[in-house]
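Residues per chain are reported as follows:
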Amino acid sequence: MVHKKSSGDTATTSASVAGDSLLEKIPESILNEILLLLEPETLTTLCSLACVSRTLQSTVNKALSSFSSVDLSAFSLDSQTFDGVITSFGKLKKITLDCLRLSDSSIRSFLGPNIEELVLVLTLEFSVSIDKSAVFDLIRQGSLLSCQRLESLRIKIRGGDFNDYGFLLLGIYHELPQTIKVLKLQPASALETIVFLKTFIYANSLVPLAPMTFGQTLTHISLVIDIISDTLLHTIAHCLPQLVELDLKDRPTSERSDDLSNLGIQSLVKCKHLTSLSLMRSWQCIASWFKRTTDIGMFLLSEGCNRLESVRFGGFSKVSDAGFASILNSCSNLNKFEIKNAFLLTDLAFQDFSKFPRSLVEVKLVSCNSVTSEAVSELATCTSFEVLDLFGCRSVADSCLHNISRLTLLTTLNLGCADVTDVGMAVLGKGNTPISCLSLRGCRRVSDEGIISLLGSEGKIRKTLSSLDLGHMQGVTDNAITTIADACVGLTELTIRNCYHVTDASVMALAFKGRVRRLDLYNCTSLSGKSFQFLKKPLFRGLQWIGIGRTRLNRIGDDGFDEICGERKWLTICKDGCEVGCHDGWQFHEF
Amino acid sequence: MIADEIVLSFPNITRVTMSKVLEYCNIHGAGADDETRAFDEQFVDVDQKTLFDLVLAAHDLKIKMLYDIVGERTGDMMKGKTPEEIRIIFNIGENSCVDDHPLQKELNPWAFE
């Protein structure tokens, strides 16, 4: 980088050097607090500030050494870089990082008696052999046990097939310090969990004078597991009655005989302090939903655990309106409610919704085909909503948007695959919703006109929008995209995958405005190789991620790619059709 | 019995700033609703000097809500900007070459694009 220094202006520059900038005069403590308000962009802002002036650089250095927590998970650092970066920080209590490429010594440098919260993410790459990752060696050598204050541990291995890496964390339970309160593991083994809980915790409770081991203080447990079974829930409830949060996810490939049934749900009633429950089963190749759980299980749960504040159920295909309504009505403190793939859920479950005072903040009804606008209108009478996700609810139409547009706290709205039209978009555009994250994926009846009226100048949305998903919309053309490029001042993430009518003019408009940081153009077949020019600097300022799979941009030779990658070292170009950021995790991806 | 007048003096806060702070407190006395949110939006839309004065005043007077919104607004002015842009916005003279701060080089090279 070259900075021009005009000698003729030295007189004026030295006058302003005297620190009369207001920013430099702010006391450090106040600046620190302001920076912490900027999470998750604190680090990147600090980086920019550090290069502004010497005064600010020393302020930044002091701020960094006073930080007790840092999140480096967005960067997949290698050991050398990491060692250079970590010296800027003082004694860290909480670290989040992607440790796939780190060496033994790098990891050991921060494990120790200071650490209270540790989040280790390993993003699988095709070419890196994961079992040689230093993290596993360290875990097996007991390094975690040396963290005597460790209260929260999260290990997440993402990307790849569960069958391939489900074994990687076996043995982890024996390596954890006693102080653990929060444990989140992905992947985990149901069998191992059951055996460990029964052997150690149950046995300890029978012999109270025995030395305490791990599990006495465990209150939050979250596992991405191979199978959610009755035995697992029964064991967890029996051995951990002090549990506050239980989160289990699975994706089994075949039907099992011990699958979750009403008995398993009923056993959860033992956990009197349970406030957060999540049991999610995702669809795999064979639809193996929770067929053995019915309304009766839900009735028992709602009676026994009425202090629940957050409930997430996915794959309960045999539970009907009565079951879900019982949870909704008996848990008066409920603020997060998610139901996914519930084929028997209809409007009836919500008919008495507005009659009771509610404090719901988040509602997600995903792929519930029988829910219509009437239910949603009823839901939208609760003014405290911040997140409303109706993805895949094909029967939801425009009529509920009147009530939705009155939700003044709404920041996330997902209307993917809903039956909304341009008329509905106009209604939303005139409303009071400060939406920052909006998805209209697959809304076939919304066209350019709808999008333009959505971003009308009287509404709030054009100013607040930061992430927009317009994937699979045939009605979207260059008109809409150029309007978006002009109007949405805060937009950093845009998905227009499978929009067949979007041409190079759209890419040009977005490139010149240079605001978007992550752009998904997968399968935009009308794009030509010309658009590749727009990826060069100084256009698309700040671009971090772009998806160009199945477009003509893919056919640019290696030279073209090398040139761009050389210019823009931290740009990820995805040719494989991943969702934004390559974070959908279930595909092989060559980086 | 007439109570003595209690006089509070804040030598670091100007009259203009104090009147803005009091305006904020009066509007928010009744609790948050749509009107207060609309008021907040135009309240923070002020020039830098006023904004910074409000930050310092809110910090000294320990008014958390006010501190949060003016702090957030100040933060937004810095968020996602390159060093050059920050210099322009905050009127900071270019009194140093760009130093290769280790964090900057490793974590945020796109700030210079």
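Residues numbered from 1 in each chain as written. Chains lettered and ligands numbered in written order. Predicted model: local features only at pLDDT ≥ 70, side-chain atom pairs only at ≥ 80, totals over all residues. Heavy atoms only, no water.

Draft legend 1. Summary view of the overall build of chain A. Scanning chain A for helices and strands turns up 22 helices and 19 strands. Counting the 591 residues in chain A, one finds 55% classified as buried. The long-range share in chain A, meaning contacts at least 24 apart out of those at least 6 apart in sequence, stands at 75%. Carbon and sulfur atoms make up 53% of the accessible area of chain A, which amounts to about 25,000 Å² in all. (Helix = DSSP H or I, 4+ residues; strand = E, 2+ residues; numbered from the N terminus. Buried < 20%, exposed > 50% of the residue type's maximum accessible area, 1.4 Å probe, protein only. Contact = heavy atoms within 4.5 Å. Areas by Shrake-Rupley, 256 points an atom, 1.4 Å probe, with all protein chains shown as cover.)

Draft legend 2. Inspection of the packing of aromatic side chains at higher detail. Following the criterion strictly, the structure yields nine aromatic pairs over all chains and no others. Taking the centre distance of 5.8 Å and the plane angle of 65 degrees together, the rings of Trp289(A) and Phe343(A) count as edge-to-face. On the criterion of sequence distance, the pair formed by Trp289(A) in the loop between β8 (276-281) and α13 (295-304) and Phe343(A) in the loop between β10 (336-340) and β11 (362-366) is long-range, its members being 54 residues apart. Residue classification places Trp289(A) among the buried residues on the basis of a relative accessible area of 10%. An angle of 70 degrees between the planes, with centres 6.1 Å apart, marks the rings of Phe52(B) and Phe90(B) as edge-to-face. Separated by 38 residues along the polypeptide, Phe52(B) in helix α3 (residues 48-61) and Phe90(B) in helix α5 (residues 83-90) bring together distant segments of the chain. The pair formed by Phe52(B) and Phe90(B) is uniform in burial state, with each residue classed as buried. Taken together through their ring pairs, the aromatic side chains of Phe290(A), Phe313(A) and Phe316(A) make up a single cluster. Positioned over the ring face of Phe561(A) is Lys575(A), at 4.0 Å from the centre of the ring. When the ring centre of Phe43(B) is taken as origin, the NZ or CZ atom of Lys20(B), which lies over that ring, is 4.9 Å away. (Phe/Tyr/Trp six-rings, centres within 6.5 Å; stacked < 30°, edge-to-face > 60°. Lys NZ or Arg CZ within 6 Å of the ring centre and 35° of its normal.)

Draft legend 3. View of the side chain of Ser326(A). All names here are of chain A. Relative to the elements of secondary structure, Ser326 occurs in helix α14 (residues 321-330). Within the local environment of Ser326, its side chain forms a polar contact with the side chain of Ser302, the two groups lying 3.4 Å apart. Residues in contact with Ser326, not counting those within four places in the same chain, are Met298, Phe299 and Ser302. (Polar contact = N/O pair within 3.5 Å; in protein donor to acceptor, adjacent residues only side chain to side chain.)

Draft legend 4. Molecular detail of the confidence of the model for chain A. Residue and element names in this part refer to chain A. Per-residue confidence for chain A averages 83 on the pLDDT scale, and 88% of its residues sit at or above 70. Of the regions scoring below 50 in pLDDT, residues 1-19 engages in twelve contacts with residues more than four places distant in sequence or in other chains. Here residues 585-591 is a poorly scored stretch, pLDDT under 50, and it has 21 contacts once near neighbours within four places are set aside; other chains count. (pLDDT = per-residue confidence, 0-100.)

Draft legend 5. Looking closely at α3(B). Residue and element names in this part refer to chain B. Between its first and last C-alpha atoms α3 spans 20 Å; for 14 residues at 1.5 Å apiece the expected length is 20 Å, and the two agree. Listing the buried residues of α3 in full gives Gln48, Thr50, Leu51, Phe52, Leu54, Val55, Ala57 and Ala58. Backbone nitrogen of Lys49 and a side-chain oxygen of the N-cap are separated by 3.3 Å at the start of α3; the cap is Asp47. Count one or two residues on from α3 and you reach Lys62, which has phi positive near 60 degrees. (Expected span 1.5 Å × (residues − 1).)

Draft legend 6. Local environment of the pairing of strand β9 (residues 310-314) of chain A. Residues and elements named next belong to chain A. Counting buried positions along β9 gives five out of five residues, so the element sits mostly inside the fold. Because side chains alternate across β9, one face comprises the buried residues Ser310, Arg312 and Gly314, and the other comprises Val311 and Phe313, equally buried. Across five bridges, the pairing between β8 and β9 is parallel. By the bridge assignment, Leu277 is partnered in β9 with Val311. (Pairing = 2+ DSSP bridges.)

Draft legend 7. Main features of the environment of Val371(A). Residues and elements named next belong to chain A. Along the chain, Val371 falls in the loop between β11 and α15 (373-379). Val371 gets classed as buried once you look at its relative accessible area, which sits at 0%. Separated by 25 residues in sequence, Val371 and Val396 place their C-alpha atoms 6.8 Å apart. When residues no more than four places from it in sequence are discounted, the contact partners of Val371 are Leu345, Asp347, Leu365, Val376, Ser395 and Val396.

Draft legend 8. Highlighting the environment of Ser395(A). All names here are of chain A. Note on placement: Ser395 falls in the loop between β12 (387-389) and α16 (401-404). Since its relative accessible area comes to 33%, Ser395 is described here as partly exposed. Along the primary structure Ser395 and Cys417 are separated by 22 residues, whereas in three dimensions their C-alpha atoms are 9.1 Å apart.

Draft legend 9. Molecular detail of the nonpolar core. Residues and elements named next belong to chain A. Phe313, Leu365 and Ile404 are the most contacted members of the largest nonpolar core, which has 201 residues in total. If we ignore the near neighbours within four places in the chain, the residues touching Phe313 are Leu277, Leu279, Met280, Met298, Leu301, Phe324, Ile327, Glu338, Ile339 and Lys340. Judged by nonpolar contacts, the second largest core, of five residues, contains Trp545, Cys574, Cys578 and Cys582. (Core = buried A, V, L, I, M, F, W, Y, C linked by side-chain atoms within 4.5 Å.)

Draft legend 10. Seen up close, the pairing of strand β1 (residues 69-72) of chain A. Residues and elements named next belong to chain A. Of the two faces of β1, the one lined by Val70 and Leu72 is fully buried and the one lined by Ser69 and Asp71 carries no buried residue. In this structure, β1 lies alongside strand β2 (residues 94-98), joined through four bridges in parallel fashion. Bridged to Leu72 within β2 is Leu97.

Draft legend 11. Helix α5 (residues 54-66) of chain A, seen in detail. All names here are of chain A. The end-to-end C-alpha distance of α5, which contains 13 residues, comes to 19 Å, matching closely the 18 Å that a straight helix rising 1.5 Å per residue would cover. Within the span of α5, buried status applies to Leu56, Gln57, Thr59, Val60, Ala63 and Leu64. All buried residues of α5 project into a common sector of 160 degrees when viewed along the axis, lining one side. (Arc of directions from axis to C-beta.)

Draft legend 12. Local environment of the packing of helix α1 (residues 15-28) of chain B against helix α4 (residues 64-78) of chain B. Residue and element names in this part refer to chain B. α4 packs onto α1 with a crossing angle of 115 degrees between their chain directions and a minimal axis gap of 10 Å. The pairing of α1 with α4 is recorded here as roughly perpendicular in orientation. Between α1 and α4 the crossing geometry is right-handed. Contacts between α1 and α4 involve Val21, Tyr24 and His28 on the former and, on the latter, Met65, Leu66 and Ile69. Grouping the amino acids of the contact of α1 with α4 by side-chain chemistry returns five nonpolar, one polar and no charged. (Axes fitted to C-alpha atoms, helices over the stretch in contact; angles between N-to-C directions. Parallel < 35°, antiparallel > 145°, perpendicular 65-115°, else oblique. Left-handed = near helix turned anticlockwise from the far one by under 90°. Nonpolar A, V, L, I, M, F, W, Y, C, P; charged D, E, K, R; others polar.)

Draft legend 13. Representation of the state of the cysteines within the structure. All names here are of chain A. Tallied over the entire structure, the rule returns zero disulfides over all chains. Of all cysteine sulfurs, the one in Cys305 lies closest to Cys271, which takes part in no disulfide; the gap is 6.9 Å. You can call Cys271 buried: its relative accessible area is 1%. Sulfur of Cys443: no disulfide; nearest cysteine sulfur belongs to Cys417 and is 7.0 Å away. Classification of Cys443 as buried rests on a relative accessible area of 0%. (Disulfide = S-S within 2.5 Å.)

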